[in-house]
Amino acid sequence: PRRTRGGPLVPAGFLPFDTVAPATVSEAPSPAAAPLQVAENVGILAAEVYFPGTCVRQSDLEEADGVSAGKYTKGLGQDEMAFTGDREDINSVALTVLKRLLEKYAISPRDIGRLEVGTETLVDKSKSTKTVLMQLFEESGNTDVEGATVVNACYGGTAALINAVNYVESRSWDGRYAVVIAADIAVYEAGPARPTGGCGAVAVLIGPDAPLQIDLKGRATHASNAWDFYKPHPDVEYPEVNGKVSQTCYLHALDDVYTRFSAMWRGAEGGAAPSKAADYFIFHAPYNKLVQKAWSRVMLCDALVDGCGDFTAEAAAVVQPAVQKAGVAAGETPAAAANGVVKGAAWAGTYADRDLDYALRSAGAGTYGSKVSPAGHLSKMIGNTYTASVFCGIASLLDKVGASLEGKNVVLFSYGSGALAPM
């Protein structure tokens with residue numbers, strides 16, 4: 001770790017947002033000064049990232065826990081894990097990232113009409129973190145701020161983002177910005193889940209004519225009743241979690257939304273799969289190995305429609321029989337029918353097939369490195385940030401590719417246990 005500008009420790013290799021010249025949001029007339037009749041090209045105008053100044057290397061944690069070398073670094077794909085001290089809680093973390101956003105981009109609190117928070121780290125069962133953040137608006141006198149705290153495991157931040165975009169695009173929009181805060185402290189009791197903890201927060205400013213436009217029109221959503229991760233004990237912060245079940249729920253939700261999203265994409269973009277036509281993918285990242293598995297599932301779902309022509313002979317020899325067990329032949333499923341296949345009982349056997357997973361990850365290593373890995377840099381270093389995970393992916397992608405992102409398409413998959421998952 002290194003310390004930047006006297007601030008918190010920053011894991012080596014990460015370019016913090018405070019080393020990049022901020023966008024001059026204040027130089028243009030604010031939306032409040034000149035309300036628009038119709039907001040176009042709505043998306044992210046500015047962003048700020050915060051994570052604690054303390055972290056532990058996963059290799060050191062392996063040694064401290066007495067496990068084999070590589071169990072966390074290779075088995076989970078993680079490098080470090082951020083954690084808070086006793087002087088930080090989720091409210092202070094959210095206050096910090098919002099204050100920095102407002103100050104860095106010279107945003108007047110008077111120009112904000114919606115403030116929404118996504119978090120599952122609750123300090124109070126009734127009073128929301130959003131109301132705590134309103135203390136930053138007191139000096140401006142602005143009490144006319146819509147929004148609340150959204151709670152559903154890791155999905156809350158994405159739900160807040162969808163709400164904010166819809167607010168700006170709606171007929172009732174009054175011309176002011178929206179701000180979304182996604183923040184969490186992920187902690188687990190001693191055991192196999194503890195190294196999948198972490199902490200981080202991201203604040204984004206939402207408005208029209210954004211450099212990062214968000215298209216909600218073609219999205220697909222998975223919603224189901226699952227008990228893979230939940231927090232039933234009000235007196236402890238640790239969740240009840242079944243790692244294997246949660247992983248299967250995540251991958252099943254991905255198969256569901258990707259096959260429907262892919263059918264819409266192919267219909268609108270001339271037939272090419274999103275995995276080939278889109279430039280980058282951002283996945284919810286509890287730990288990096290799960291993101292690798294997610295990309296494998298995308299390739300498997302594509303094989304239903306496109307066949308195994310892009311695979312090596314070794315990988316195709318594993319993928320084709322696995323698909324046949326689901327009652328179909330690779331390359332013979334219309335895109336519109338793929339969703340029915342992945343919802344079938346026979347498809348469930350693919351989630352526990354280790355040979356299939358290994359073959360897919362090996363075959364997809366190249367495209368994973370170019371399309372997925374750039375968005376995973378930050379989460380590998382600070383760990384699981386729950387609701388902030390996909391926002392950290394956006395920050396990492398910006399950090400890695402910078403201005404070359406202009407004109408590119410990015411597909412985002414978010415997952416919250418319970419379960420809710422959009423793409």
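Numbering of residues starts from 1 in each chain and follows the order in which that chain's sequence is written. The model is predicted, so local features are restricted to residues of pLDDT at least 70 and side-chain atom pairs to those at 80 or more, both for listing and for counting; the totals for chains, interfaces and linings are taken over all residues. Working from all heavy atoms in the structure, the side-chain values ignore hydrogens and water.

Draft legend 1. Region of the structure containing helix H7 (residues 288-306). In a regular helix each residue adds 1.5 Å, so 19 residues correspond to 27 Å; H7 covers 27 Å between its end C-alpha atoms and thus fits that length. Counting buried positions over the 19 residues of H7 gives 17, a clear majority of the element. Note on conventions: DSSP H or I runs of at least 4 residues are helices, E runs of at least 2 residues are strands, and numbering of each starts at the N terminus. Helices are assigned an expected span. That span is 1.5 Å times one less than the residue count. Residue burial is assigned from relative accessible area. The probe radius is 1.4 Å, only protein chains are included, and a residue is buried under 20% of its type maximum, exposed over 50%, and partly exposed in between.

Draft legend 2. Broad picture of the sheet that holds strand S6 (residues 112-118). For two strands to pair, DSSP has to find at least two bridges joining them. Ordered by their spatial adjacency, six strands build an open sheet running S7-S6-S8-S9-S3-S10, and the pairing between neighbours is mixed. Every interior strand has two partners, whereas the edge strands, strand S7 (149-150) and strand S10 (212-213), have only one. In this sheet, strand S9 (residues 198-207) lies alongside strand S8 (residues 177-186) in antiparallel orientation, the contact comprising nine bridges. Bridge pairing in S9 places Val-179 opposite Leu-205.

Draft legend 3. Main features of the layout of surface pockets. Using protein atoms alone on a 1 Å grid, points that fit a 1.4 Å probe yet trap it form a cavity, whereas open point sets bounded by protein on both sides within 12 Å along at least five of seven lines form a pocket; residues with an atom within 4 Å of a point count as lining. Grid points are joined across faces, edges and corners, and a volume is the space filled by probe spheres set on the points. If you add up the space inside the second largest pocket, you get close to 1,100 Å³. Looking at the second largest pocket, it is lined by 42 residues, and the ones nearest its centre are Leu-76, Gly-243, Lys-244, Gln-247 and Tyr-287. Residue contributions to the lining of the second largest pocket peak at seven residues, all from helix H5 (residues 243-269). Split into classes, the residues belonging to the lining of the second largest pocket amount to 20 nonpolar, 12 polar and 10 charged. Residues are grouped as follows: nonpolar covers Ala, Val, Leu, Ile, Met, Phe, Trp, Tyr, Cys and Pro; charged covers Asp, Glu, Lys and Arg; every other residue, Gly included, is treated as polar.

Draft legend 4. Local environment of empty space enclosed by the protein. Per the stated rule, a full pass over the model turns up four cavities of 30 Å³ or more. The volume enclosed by the largest cavity comes to roughly 80 Å³. Taken together, Phe-281, Ile-282, Phe-283, Ala-285, Val-291, Val-372, Ala-375, Gly-376, Ser-379, Ser-389 and Gly-393 make up the lining of the largest cavity. Only strand S14 (280-283) and helix H13 (389-401) provide two or more residues apiece to the lining of the largest cavity. Sorting elements by how many residues they give to the lining of the largest cavity places S14 first, with three residues. Looking at the lining of the largest cavity residue by residue, the classes come out as seven nonpolar, four polar and no charged.

Draft legend 5. Here's a closer look at helix H8 (residues 313-325). Between its first and last C-alpha, H8 extends 19 Å over 13 residues, near the 18 Å set by a 1.5 Å rise per residue. Just beyond H8, the residue with positive phi is Gly-327, at close to 90 degrees.

Draft legend 6. Geometry of the pairing of strand S15 (residues 410-413). A one-sided burial pattern is seen for S15, the buried positions being Val-411 and Phe-413 and the unburied ones Val-410 and Leu-412. Relative to S15, S14 runs parallel, the two sharing four bridges. Opposite Ile-282, over in S15, you have Leu-412 as the bridge partner.

Draft legend 7. Focus on the nonpolar core. If you look at the biggest cluster of nonpolar residues, it comprises 57 residues, and the most contacted ones within it are Phe-283, Phe-311, Val-319, Trp-347 and Phe-413. Elements represented by at least two residues in this core include exactly H5, S14, H7, H8, helix H9 (338-342), helix H10 (354-363), helix H11 (365-372) and S15. Per element, the largest residue contribution to this core is 11 residues, and it comes from H7. Contacts were defined at the residue level, with two residues in contact if any of their heavy atoms lie within 4.5 Å. Apart from the residues within four sequence positions on either side, Phe-413 is in contact with Tyr-250, Ala-253, Leu-254, Val-257, Ile-282, Phe-283, His-284, Val-390, Ala-421, Pro-422 and Met-423. Counting 40 residues, the second largest nonpolar core, distinct from the first, contains Ile-44, Ala-47, Ala-160 and Val-168. Joining through side-chain atoms within 4.5 Å is the link that ties buried Ala, Val, Leu, Ile, Met, Phe, Trp, Tyr and Cys residues into a set, and such a set is a nonpolar core.

Draft legend 8. Fine view of the packing of H5 against H7. Axis angles are defined between N-to-C directions and span 0 to 180 degrees, where every axis is a line fitted to C-alpha atoms and, for a helix, only to the segment in contact. Contact geometry of H5 with H7 gives a least axis separation of 9 Å together with a crossing angle of 45 degrees. By the criterion of interaxial angle, the relationship of H5 to H7 is oblique. As H5 packs across H7, the resulting crossing turns out to be right-handed. Contacts from Gln-247, Tyr-250, Leu-251, Leu-254, Asp-255, Tyr-258, Thr-259, Ser-262 and Arg-266 in H5 reach Leu-290, Lys-293, Ala-294, Arg-297, Val-298, Cys-301, Asp-302, Val-305 and Asp-306 in H7. Classifying every residue of the contact of H5 with H7 by side-chain character gives nine nonpolar, three polar and six charged. Working definition: roughly parallel below 35 degrees, roughly antiparallel above 145 degrees, roughly perpendicular at 65 to 115 degrees, and oblique for all remaining angles. By definition, any crossing whose near helix is turned counterclockwise from its far helix by less than a right angle is left-handed, and any crossing with a clockwise turn is right-handed.

Draft legend 9. Spatial organisation of unusual backbone geometry. Along the chain, Gly-418 connects to Ala-419 via a cis peptide bond; the corresponding omega equals 15 degrees. Within the secondary structure, Ala-419 is located in the loop between S15 and strand S16 (420-422). The phi torsion at Ala-153 lies on the positive side, around 45 degrees, for a residue other than glycine. In this fold, Ala-153 is placed in the loop between S7 and helix H4 (156-169). For Ala-153, a relative accessible area of 14% puts it in the buried group. Even without glycine at this site, Asp-209 takes up a positive phi of about 50 degrees.

Draft legend 10. Quick peek at the packing of aromatic side chains. Aromatic pairs are defined between Phe, Tyr and Trp rings, using the six-membered ring for Trp, whenever the two ring centres lie within 6.5 Å; interplanar angles under 30 degrees are classed as stacked, those over 60 as edge-to-face, and all others as tilted. The full count for this structure, using the stated rule, is 10 aromatic pairs. Their ring planes at 80 degrees and their centres at 5.4 Å tell us that Tyr-250 and Phe-413 sit as a pair that is edge-to-face. One end of the pair, Tyr-250, is in helix H5; the other, Phe-413, is in strand S15, and 163 residues separate them in sequence. For the pair shown, Tyr-250 and Phe-413 are each scored as buried. With a centroid separation of 5.9 Å and 20 degrees between ring planes, the pair formed by Phe-281 and Phe-283 is classed as stacked.

Draft legend 11. Region of interest: the side chain of Asp-357. With respect to the helices and strands, the residue Asp-357 is situated in helix H10. Sequence-distant contacts of Asp-357, that is, excluding residues within four places in its chain, are made with Lys-293 and Ser-296.

Draft legend 12. Structural context of the pattern of salt bridges. The term salt bridge refers to a pairing of a side-chain nitrogen on Lys or Arg with a carboxyl oxygen on Asp or Glu at a separation within 4 Å. Per the counting criterion, the structure on display carries 16 salt bridges. Two residues, Glu-116 and Arg-114, come together in a salt bridge whose shortest N-O distance is 2.8 Å. With relative accessibility at 4%, the residue Glu-116 sits in the buried group. Residue classification places Arg-114 among the buried residues on the basis of a relative accessible area of 15%.

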